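# Inside the fold
The chain contents come next:
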Amino acid sequence: MSQDNFPIRKVDHIRHYVGNARQAAFYYQHVFGFSITGYHGLETGLKHEVDYLLEQNDVKLLFTAALRPGHPMSEKIAQHGDFVQDIAFEVDDVDWAFHESVRRGAVPAHEPYTLSDENGEVRIASIHIYGDTLHTFINRDKFSGHFLPHFERRNEPGDSIGIVEVDHCVGNVELGQMNYWVDWYEQVLGFKNVITFDDKDISTEFTALMSKVMANGNGRVKFPINEPAEGKKKSQIDEYLEFFGGAGVQHVALRTDDIVYTVSRLRARGMQFLSVPQAYYDALPARVGTIEENIDELAQLGILVDRDDEGYLLQIFTKPVTDRPTLFYEIIHRKGATSFGKGNFKALFEAIEREQAVRGTL
Ligand code: FE2
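Residues numbered from 1 in each chain as written. Predicted model: local features only at pLDDT ≥ 70, side-chain atom pairs only at ≥ 80, totals over all residues. Heavy atoms only, no water.

### Some words on the nonpolar core
Judged by nonpolar contacts, the single largest core of 100 residues is most densely connected at Phe 32, Phe 89, Phe 137, Tyr 185 and Leu 189. No other element matches helix H4 (residues 178–189), which puts seven residues into this core. Domain assignment of the residues forming this core places at least three in each of domain 1 (10–156) and domain 2 (163–359). Not counting residues within four places of it along the chain, the set of residues in contact with Phe 137 comprises Phe 6, Phe 89, Val 91, Val 94, Ala 97, Phe 98, Ser 101, Arg 123, Ile 124, Ala 125, Ile 127 and Leu 189. Grouped together as the second largest cluster of nonpolar side chains are nine residues, Leu 53, Ile 124, Phe 143 and Phe 147 included. (Core = buried A, V, L, I, M, F, W, Y, C linked by side-chain atoms within 4.5 Å. Buried < 20%, exposed > 50% of the residue type's maximum accessible area, 1.4 Å probe, protein only. Helix = DSSP H or I, 4+ residues; strand = E, 2+ residues; numbered from the N terminus. Domains from an automatic or database assignment. Contact = heavy atoms within 4.5 Å.)

Structural data, given as structure tokens:
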């Protein structure tokens, strides 16, 4: 039996640095159906930045923006555009997690500190990962308030689309850096490499990439890490690295238990997805066998299907949600399958190449 040498309960929240947090919150509320449940800004005693907290079931997103000129955050946003700056973990013991991870090689970002108000206290610390991204450790066992001390509770419900939790978060790293970060997650955070895709698994006629999936001890946290591979043309990972200005989070996969409903709602609200040709659906029954869903309906919505030894999964990918071709979302519905849709890679990457060609970045 393997043992968990770095206990992490789950992904606590994902923080985005954005140019305008009020508008980002409005977008995620009205398109993705998140509820705005918390706020921290000038009115609640924060002088230089503002935070909006959005929730849908077990997913918490935090949108943070600078309120004044010269804020260090603004430089990062100027460099990357709006971006995922922190994937925060809930842990049992923040001080242990911070000091142990640093002892194993992590670069410290914020030493452990305590935030407190009348509802108790929360312990927090952060380490650096690839690019300008952090992992924050957080524990609120001694806190009875909402999210973090000093956050004002907001009740601005979104019309939920059935997103239940973060399934996985994918990082893009520079050529030759994938194995560095695979080793880093193994050595520092006790993750295991659960799946490897080489450039033969993930290639089209023109481009290729490599990917390794890392999972934490309890299996709840899954981080695929991509790097570009040699191809005739510029891969989507190279495009990302160029436009983002280095390594960063490429996509966040949100799990639903009813993908037809979730994607129907997203489409009705104007979300744009990558599309695959009808030929994909013509070949689908032979590839995945019997599934519960109606294939014509899946084709209409553009939902992809893949099967592994344990079951099948349905998934779809949005177009980038940022101006730059950087961050996008995946919606995933697992029916037993624990894999990541390898059977869809070719159709998907051809779809991405069509988008790159339009952008002139292929
Ligand atoms: Fe994914």
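### So, H4
In an α-helix, one full turn covers 3.6 residues, which means residues spaced three or four apart are oriented alike. The terminal C-alpha atoms of H4, which comprises 12 residues, lie 16 Å apart, in line with the 16 Å expected from a rise of 1.5 Å per residue. When H4 is considered as a whole, its buried residues turn out to be Met 178, Trp 181, Val 182, Trp 184, Tyr 185, Val 188 and Leu 189. Down the axis of H4, the buried side of the element spans an arc of 160 degrees, and every buried residue falls inside it. Each element contacted by the buried residues of H4 is listed here: strand E5 (83–90), helix H3 (94–103), strand E7 (120–128), strand E8 (134–139), strand E12 (208–215) and strand E13 (222–229). Trailing H4 by a residue or two, Gly 190 shows a phi angle of about 70 degrees, which is positive. (Expected span 1.5 Å × (residues − 1). Arc of directions from axis to C-beta.)

### Side note on the domain arrangement of the protein
Segmenting the protein into domains produces domain 1 (10–156) and domain 2 (163–359). With centres defined by C-alpha atoms, the gap from domain 1 to domain 2 works out at 25 Å. Taken together, the 38 residues of domain 1 in the interface contact 34 residues of domain 2. Taken together, the two surfaces of domain 1 and domain 2 that pack against each other cover about 3000 Å², and 67% of this comes from carbon and sulfur. Linking domain 1 with domain 2 are one salt bridge, by the criterion used here. (Buried area = accessible area lost by both parts, 1.4 Å probe. Salt bridge = Lys/Arg side-chain N within 4 Å of Asp/Glu carboxyl O.)

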